[in-house]
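# Understanding the architecture of this molecule
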Amino acid sequence: MSDILIVDDERDIRELVSDILEDEGYSTRLAGNSDECMTAINSEPPGLLILDIWLKDSRMDGIDILKAVKRDNPDVPVVIISGHGNIEIAVAAIKQGAYDFIEKPFNIDQLMVVIRRAMETSRLRRENASLKRKEVSSSDMIGKSAAFRAMQSQLDKVTKSNGRVMLSGPAGSGKEIAARYIHAHSNRANSPFVTVNCAGVEPERMEEVLFGRETAERGVESGLLEEAHGGVIYFDEVADMPLGTQSKILRVLVDQQFQRVGGTDKVRVDLRVISSTNRNLEEEIAAERFREELYHRLNVVPVAVPSLEERREDIPVLAQHFIGICNETQGLPMRELSDEAVALLQTMTWPGNVRQLKNLIERVLILGDGTGPVEARELPSEEEKSDETGRVVLSGALATLPLRDAREAFEREYLLTQINRFGGNISRTASFVGMERSALHRKLKSLGVVTSNKSGARVAQIDEPEPAE
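Read on for an overview of the structure. (Residues numbered from 1 in each chain as written. Predicted model: local features only at pLDDT ≥ 70, side-chain atom pairs only at ≥ 80, totals over all residues. Heavy atoms only, no water.)

### Notes on the overall build of the protein chain
What counts here: A run of H or I in DSSP becomes a helix once it reaches four residues, and a run of E becomes a strand once it reaches two; helices and strands are each numbered from the N terminus. Summary of the burial criterion: residues with accessible area below 20% of their type's maximum are buried, those above 50% are exposed, and those between are partly exposed, where the area comes from a 1.4 Å probe applied to protein chains only. The contact criterion used throughout is that any non-hydrogen atoms of two residues lie within 4.5 Å. Using a 1.4 Å probe, the Shrake-Rupley method yields the accessible areas, and only the shown protein chains count as cover for residues.
Scanning the protein chain for helices and strands turns up 19 helices and 18 strands. The buried share of the protein chain, reckoned over its 469 residues, is 44%. Counting contacts in the protein chain only where the partners sit at least 6 residues apart, residues at least 24 apart contribute 68% of the total. In the form shown here, the protein chain has an accessible surface area of approximately 24400 Å², with 48% of it arising from carbon and sulfur atoms.

### Examining the sheet that holds strand 14 (residues 301-304)
The condition that has to hold: Whether two strands pair comes down to DSSP finding at least two bridges between them. To get an axis, fit a line to the C-alpha atoms, keeping to the stretch in contact for a helix; angles then go from 0 to 180 degrees between the N-to-C directions.
An order of 7-10-13-6-14 is seen for the five strands of this open sheet, with the pairing classed as parallel. Sheet topology places strand 7 (193-197) and strand 14 at the edges, where each strand pairs with a single neighbour. With direction set aside, neighbouring strand axes in the sheet form an average angle of 20 degrees. Direction of pairing for strand 6 (residues 165-168) relative to strand 13 (residues 272-277): parallel, over a ladder of four bridges.

### Some points on a nonpolar patch on the surface
Rule in force here: Patch construction takes residues with relative accessible area above 30% that form no salt bridge. Like charges are linked within 9 Å, and nonpolar side chains (Val, Leu, Ile, Met, Phe, Trp, Tyr) are linked within 5 Å. Salt bridges are defined as contacts in which a side-chain nitrogen from Lys or Arg sits within 4 Å of a carboxyl oxygen from Asp or Glu.
Together, Phe-410, Tyr-414 and Phe-432 give the surface a local cluster of nonpolar side chains, amounting to about 290 Å² of exposed area. Structurally, Tyr-414 is set in helix 17 (residues 403-421).

### Some details on empty space enclosed by the protein
Heads up, the condition is: Computed over the protein atoms alone on a 1 Å grid, cavities are sets of points where a 1.4 Å probe fits but cannot get out and pockets are open sets with protein on both sides within 12 Å along at least five of seven lines; a residue lines them when it has an atom within 4 Å of a point. Grid points are joined across faces, edges and corners, and a volume is the space filled by probe spheres set on the points. Residue type decides the class: Asp, Glu, Lys and Arg count as charged, Ala, Val, Leu, Ile, Met, Phe, Trp, Tyr, Cys and Pro as nonpolar, and the leftover types, Gly among them, as polar.
Taken as a whole and judged by the stated rule, the model has one cavity of 30 Å³ or more. Lining the largest cavity are 13 residues, and of these Glu-310, Arg-311, Asn-420, Gly-423 and Arg-458 lie nearest its centre. Counting only elements with at least two residues in the lining of the largest cavity, the list comes to helix 6 (146-159) and strand 18 (457-462). Among the elements that make up the lining of the largest cavity, the one with the highest residue count is strand 18 (three residues). Class assignment for the residues of the lining of the largest cavity results in four nonpolar, three polar and six charged.

### Comments concerning the nonpolar core
Note the threshold: What makes a nonpolar core is a set of buried Ala, Val, Leu, Ile, Met, Phe, Trp, Tyr and Cys residues whose side-chain atoms join them at distances within 4.5 Å.
Counting 32 residues, the largest nonpolar core has Ile-233, Phe-235 and Ile-249 as its most contacted members. Counting only elements with at least two residues in this core, the list comes to strand 7, helix 8 (206-211), helix 9 (224-227), strand 10 (232-236), helix 10 (243-255), helix 11 (281-286) and helix 12 (292-298). Beyond its immediate stretch of four places on either side in the chain, Ile-249 contacts Leu-210, Phe-211, Leu-225, Phe-235, Met-241 and Leu-294. Counting 25 residues, the second largest nonpolar core, distinct from the first, contains Ala-40, Ile-53, Leu-55 and Met-60.

### Overview of the packing of helix 13 (residues 315-330) against helix 14 (residues 339-347)
Note the following rule: When an angle is under 35 degrees it counts as roughly parallel; over 145 it counts as roughly antiparallel; between 65 and 115 it counts as roughly perpendicular; any other value is oblique. It is the rotation of the near helix from the far one that decides the hand of a crossing: anticlockwise by less than a right angle makes it left-handed, clockwise makes it right-handed.
Contact geometry for helix 13 and helix 14: axes closest at 9 Å, N-to-C directions at 110 degrees. The orientation of helix 13 relative to helix 14 falls into the category roughly perpendicular. Remark: the crossing between helix 13 and helix 14 carries right-handed chirality. On helix 14, the residues touching Ile-315, Pro-316 and Ala-319 of helix 13 are Val-342, Leu-345 and Gln-346. When its residues are assigned to classes, the contact of helix 13 with helix 14 shows five nonpolar, one polar and no charged.

### Thoughts on the side chain of Asn-420
Along the chain, the position of Asn-420 falls in helix 17. The residues contacting Asn-420, other than those within four sequence positions of it, are Arg-312, Val-459 and Ala-460.

### Quick word on helix 15 (residues 353-367)
Operational definition: Each residue after the first adds 1.5 Å to the expected span of a helix. Directions from the helix axis toward the C-beta atoms define the arc.
In this model helix 15 runs 21 Å from its N-terminal to its C-terminal C-alpha over 15 residues, within 8% of the 21 Å that 1.5 Å per residue would give. Every buried residue of helix 15 is listed here: Asn-353, Val-354, Leu-357, Leu-360, Ile-361, Val-364 and Leu-365. Buried positions in helix 15, seen along its axis, are confined to an arc of 130 degrees and lie on one side of it. Projecting away from the buried face of helix 15 at angles above 90 degrees are the exposed residues Arg-355 and Leu-367.

### Quick word on the packing of helix 13 against helix 15
Here helix 13 crosses helix 15 at 55 degrees, and the two axes come no closer than 9 Å. By the angle between their directions, the pair helix 13 and helix 15 is classed as oblique. Taken as a pair, helix 13 and helix 15 cross one another with a handedness that is right-handed. Each of Ile-315, Leu-318, Ala-319, Phe-322, Ile-323, Cys-326 and Gln-330 in helix 13 lies in contact with helix 15, whose residues at this interface are Val-354, Leu-357, Lys-358, Ile-361, Glu-362 and Leu-365. Residues belonging to the contact of helix 13 with helix 15 are distributed by class as follows: 10 nonpolar, one polar and two charged.

### As for the pattern of salt bridges
Throughout the structure, instances matching the rule amount to 26 salt bridges. The salt bridge partner of Arg-116 is Glu-24, with a shortest N-O separation of 3.3 Å. With a gap of 92 residues between them, Arg-116 in helix 5 (residues 108-137) and Glu-24 in the loop between helix 1 (11-23) and strand 2 (28-31) connect regions that are remote in the sequence. Between Glu-284 and Arg-279 there is a salt bridge, with the nearest N and O atoms lying 3.3 Å from each other. By relative accessible area, Glu-284 is classed as buried at 7%. Among the residues examined, Arg-279 registers a relative accessible area of 33% and is labelled partly exposed. The structure contains a network of salt bridges with shared partners spanning Asp-8, Glu-10, Asp-52 and Lys-104.

### Concerning the sheet that holds strand 1 (residues 4-7)
The strand order across the open sheet formed by five strands is 2-1-3-4-5, and the pairing between neighbours is parallel. Of all strands in the sheet, those bounded by a partner on one side alone are strand 2 and strand 5 (100-103). If you compare each strand with its neighbour and ignore which way they point, the axes differ by 20 degrees on average. Of the strand pairs in this sheet, strand 1 and strand 2 are connected by four bridges, and their pairing is parallel. From the neighbouring strand, Ile-4 faces strand 2, where its bridge partner is Thr-28.

Laid out in structure tokens, this is it:
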């Protein structure tokens, strides 16, 4: 995509322009009518298109070709040339997305200035897209827990296919990172990754944002679907998409084409669709807030993204990863985590999941006054807190119980937390709490604590008795 395609029905003109450009070091291709032009573009999109607006003996004129190029290859700049130039034609061409308009007979120096600028624009667009793709590729998946490995295994299986993926999981658990991982390891990795924030777009603007629009005043304005052509479109929190838009997206998935708002032309797109949700879509369907047909189209490969609660083993490596990011992007101190800080982080509750952990690490680094290890005292503790003398301050609920009940409640919650911290590994838990493994098993049984598989990991929970019939 670095040569220049010259389209003109006058052989002398296209060969003259070609000779001039090749003397300047450019590679060129030539076409004398619309069929030759479209065949050349479809075989390999050029870096620049020089297009005569009037083409004799052709099915399409220059404006028709311009529309088709801007629809299917929006990154290709188009310079319109014409021997019958007027303001109306120039305005129409610019509105349809032409880079510039030059009248015949043209000044060679003027033509070269326009071509150099257009080629530079094309180069900068490609470099910008490449930089964005590198940023996406660097969105590494971080973790080593069983739940994380189970999810990553599923993601690896879908990267090489073109199947639609539905990522489910609580807010902040890393669904977009999972979507970017699929893209970065797929055969579309060198193509765009475009995110649609379904909850962040006003419902009345959603269709313009997705499909783009055409108006007499501003011509063609591309939407996110066109921007994602050839790559991945990611519907973030798809349950928030307006019902009216859902039906139109369903049609896009079926036909791979759509019309811009206010337009009449069909715009063809080649897309891979990845969606995410933190809701139960089957409940949304029952409540008539989500279209069942769309759900089945999007939910071809469902992948569950575990909460941070389900992957506590990953907290130390995630926290250190975020410290590295804050150091690289903000110049904050590169600090290690003390053993006490790691233990506290692994026993905290994380309703905001990975996003909450990232924000906490950033806050600690900003407010911290040292460069040594992050200590537990720098982290916000929960419920039971220590005062200045080191005494533990009990929560209200625990303080109201008799000693035996309070001790049992504490032991149950303490052991639940420790087992989950170590990913359900009883041996590691026993070593940390200072008990023999057999003694720990007996203690867990007496407290009604059991472990079971969830999202590919061992998770401790209270053994709830079956309700009486």
